[in-house]
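# Fold and contact review
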Protein chains: 2
Amino acid sequence: MGTTQLDTVPEPKYWHLKTVLSEALDSEFAVGEILPNERELAARFGVARATLRQALEQLELEGRLQRRRGVGTTVAPPRVGVAVGDAEQAWPGTAADSWQAVDCLEAAPPAAVARLLGTPAGRPVHTVRRIRRTHGQPVAAELLYVPGHSVPGLAAIDTASGAARARTVLRELQRLALEGQDRAVELGSARAEDAKQLDRLPGAPVLLVTTRYFAEGATAAVAVATYRADTCRLTFGETGVQLLAAG
Amino acid sequence: MGTTQLDTVPEPKYWHLKTVLSEALDSEFAVGEILPNERELAARFGVARATLRQALEQLELEGRLQRRRGVGTTVAPPRVGVAVGDAEQAWPGTAADSWQAVDCLEAAPPAAVARLLGTPAGRPVHTVRRIRRTHGQPVAAELLYVPGHSVPGLAAIDTASGAARARTVLRELQRLALEGQDRAVELGSARAEDAKQLDRLPGAPVLLVTTRYFAEGATAAVAVATYRADTCRLTFGETGVQLLAAG
DNA sequence: GAGTGGTCTAGACCACGTA
DNA sequence: ACGTGGTCTAGACCACTCC
């Protein structure tokens, strides 16, 4: 093979910066510590502020840094593992989980969700909003879409509103026999509304977890949960942990 | 005057741009179609190129666009779902899966991996590299870390190298009884080496899937798979699909 | 009000793919 | 050789938090 790889591939400045900063974070900074501000860091490294920011953005994406407007840039704690897997092989809201119902409204779901539900596009469904917190911090915002036919008993008790109504929908849903579920994870950016609930700016990177709940041979509900990608590590199938603990 | 909060909260330009572009993509462009170049788009919308790029970056993050240096910006196809879940509740490389062994070397794993393996930091382990392809496109690059004690029979057949050696390690691993596994998904940015294999630039957003394999009451191996976040949707637990198909 | 990160501009040059 | 996206600069102003 002739291709000598020896060409000096000029590494971009921001990439090199990121490496240097990353090593400095490991050795010279403690979790929660405040870094010098962007203007000073840029000056110290002899680059434009925009270039420095490119490096900081990557480190934030990797969960190493946390930046807050008006406050500063701090060293982020390790990501928290949040269980998303079969541990909750049950309807949402069943046990005393870490979710908190916020409210419930009737609205037409996004086209992609309507397709999963098998309902006609534009048809309104019960839409339950929930928030998930860990150690007091919000980690996820969820929209749970429940077609009317999944909660037939609901019409009679239609008076409640807000969180109470959300809980009623969840309770009615649990009357169905759950036959299975289905999950997908992908990268997204936070919608303005979710961003506010997650204490982030709009467009922040998030992990979108789409769950389909099956009952009576059809899709009974679809949940789209928006997890903060900077602070969360989604964990699945905790079986092994118990094995280790037992051994 | 009671400061009514009705003040038009000035939406960032790039955010508005993103919305406009997103709608245009839905209605006026077909998958694979080439958009006008960045300089022309910026001029057309009356913004600086950097601002336009901010919008494009977000759309790329969401999997709506694909940008390639020297080529242009095209409308991305919908993300492909890649199964990561229990469907492969088995040792890696067991069946004729979509993975392809590349090579195998002896190297000290990252500290985080050494911790999961329970091996001393700095101790070299067998490191198998694999690539996963879907429809011909590379979607993931993986490093599988296998401590020597998990493949005791390997020393005798140490002669092979490259892909052959990688396959040997995988084969030896399958002699152990798999007792369970453990997965976590988080956001990361592609290391230079992975980026090359995935046909992306370094730093591109990726989904890191860390899998622990348990055998004989301990962690027998750890895999860190790097999935392209722009083109992939990770799917877990396909049980429901079969239910639907049967119903 | 002072200081922080977030947005935006109008340029320049570079690396890459293709013709 | 050309056109593309990628990197980089040196400024400016804005939105937010905290004092």
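What you are looking at is a predicted structure, and each value in this text was computed from that prediction instead of being measured.

For DNA strand C, the set of nearby residues contains 27 residues, the closest of which are N37(A), R49(A), R53(A), K13(B) and T51(B). Sugar plus phosphate, as a fraction of atoms of DNA strand C within 4 Å of the protein: 67%. Note that a base oxygen of DNA strand C is positioned 3.1 Å from one of the side-chain N or O atoms of R39(A). Between DNA strand C and R49(A), the relevant distance is 2.8 Å, taken from a base nitrogen to a side-chain nitrogen or oxygen of the residue. Where the surface near DNA strand C is concerned, the elements lending two or more residues are α2 (38-45), α3 (49-61), β1 (65-68) and β2 (72-75) of chain A together with α1 (13-28) and α3 (49-61) of chain B. Ranked by residues supplied to the surface near DNA strand C, first place goes to α3(B) with four residues.

With that settled, consider the packing of helix α1 (residues 13-28) of chain A against α3(A). All names here are of chain A. Between α1 and α3, the least distance of the axes is 8 Å, while the angle of their chain directions is 55°. Considered as vectors, α1 and α3 are oriented oblique to each other. Like other packed secondary-structure pairs, α1 and α3 cross with a definite hand, here right-handed. Contacts between α1 and α3 involve K13, Y14, W15, L17, K18, L21, S22 and L25 from the former and T51, L52, Q54, A55, L56, Q58 and L59 from the latter. Tallied by class, residues from the contact of α1 with α3 come to nine nonpolar, four polar and two charged.

One recurring pattern in soluble globular proteins is that nonpolar side chains are buried together. In this structure, V185(A), Y227(A), L234(A), V185(B), Y227(B) and L234(B) are the most contacted members of the largest nonpolar core, which totals 32 residues. For Y227(B), the residues in contact, after removing those within four places along its chain, are V82(B), V84(B), W99(B), R132(B), V139(B), A140(B), V206(B), L207(B), V209(B), C232(B) and L234(B).

With that out of the way, let us pick up the protein's contact with DNA strand D. The local shell around DNA strand D holds 27 residues, among which K13(A), A48(A), T51(A), N37(B) and R49(B) are the closest. Per the 4 Å cut-off to the protein, sugar and phosphate atoms form 67% of the nearby atoms of DNA strand D. With respect to DNA strand D, the side chain of Y14(A) contributes an N or O atom lying 2.8 Å from a phosphate oxygen. At the level of secondary structure, the elements contributing two or more residues to the surface near DNA strand D comprise α1 and α3 of chain A together with α2 (38-45), α3, β1 (65-68) and β2 (72-75) of chain B. For the surface near DNA strand D, a count of residues per class yields nine nonpolar, seven polar and eleven charged.

Mapping chain A onto chain B is achieved by rotating through 180° and translating by 0.0 Å along the same axis, at an RMSD of 0.1 Å. Those values place the two copies in the arrangement expected of a two-fold rotation axis. Same-surface contact between copies: 98% of interface residues of chain A are shared with the interface of chain B.

Residues and elements named next belong to chain A. At their nearest, the axes of α2 and α3 sit 9 Å apart, and the two run at 105° to each other. When the axis of α2 is compared with that of α3, the two are roughly perpendicular. Residue-level inspection shows E38, R39, L41, A42 and F45 of α2 in contact with α3, the latter providing R49, L52, R53 and L56. Considered class by class, the residues forming the contact of α2 with α3 number five nonpolar, no polar and four charged.

Conventions we followed
All chains use their own residue numbering, which begins from 1 and follows the written sequence. Throughout, the order in which chains and ligands are written sets their labels, letters from A for the former and numbers from 1 for the latter. Since the coordinates come from a predicted model, pLDDT governs what is reported: local features require at least 70, and pairs of side-chain atoms require 80 or more to be given and counted, while whole-chain, interface and lining totals use all residues. Based on all heavy atoms of the structure, the side-chain values leave hydrogens and waters out of the count. Nearness is judged by heavy atoms alone; a residue qualifies as near a molecule or strand once a single heavy atom is within 4 Å of it. In the analysis that follows, any N or O atom pair within 3.5 Å is treated as a polar contact, provided that within protein one partner can donate a hydrogen and the other can accept it, and provided that, for residues neighboring in sequence, both atoms belong to side chains. Going along the chain from the N terminus, every DSSP run of H or I of four or more residues is numbered as a helix, and every run of E of two or more is numbered as a strand. Axes here mean lines fitted to C-alpha atoms, for a helix over just the part in contact, with angles spanning 0 to 180 degrees between N-to-C directions. Oblique is the label for any angle not covered by the other classes, which are roughly parallel (under 35 degrees), roughly antiparallel (over 145) and roughly perpendicular (65 to 115). Note: crossing handedness is left-handed where the near helix turns anticlockwise from the far helix by less than a right angle, and right-handed where it turns clockwise. Note on contacts: a residue pair is in contact if any heavy atoms of the two residues lie within 4.5 Å. Residues are grouped as follows: Ala, Val, Leu, Ile, Met, Phe, Trp, Tyr, Cys and Pro are nonpolar; Asp, Glu, Lys and Arg are charged; all remaining types, including Gly, are polar. Residue types Ala, Val, Leu, Ile, Met, Phe, Trp, Tyr and Cys, when buried and joined through side-chain atoms within 4.5 Å, form a set referred to as a nonpolar core. Here's how the labels work: a residue is buried when its accessible area is under 20% of the maximum for its type, exposed when over 50%, partly exposed in between, all with a 1.4 Å probe on protein chains only. For the least-squares superposition of copies, only C-alpha atoms count, and only for residues with pLDDT at least 70 in both.

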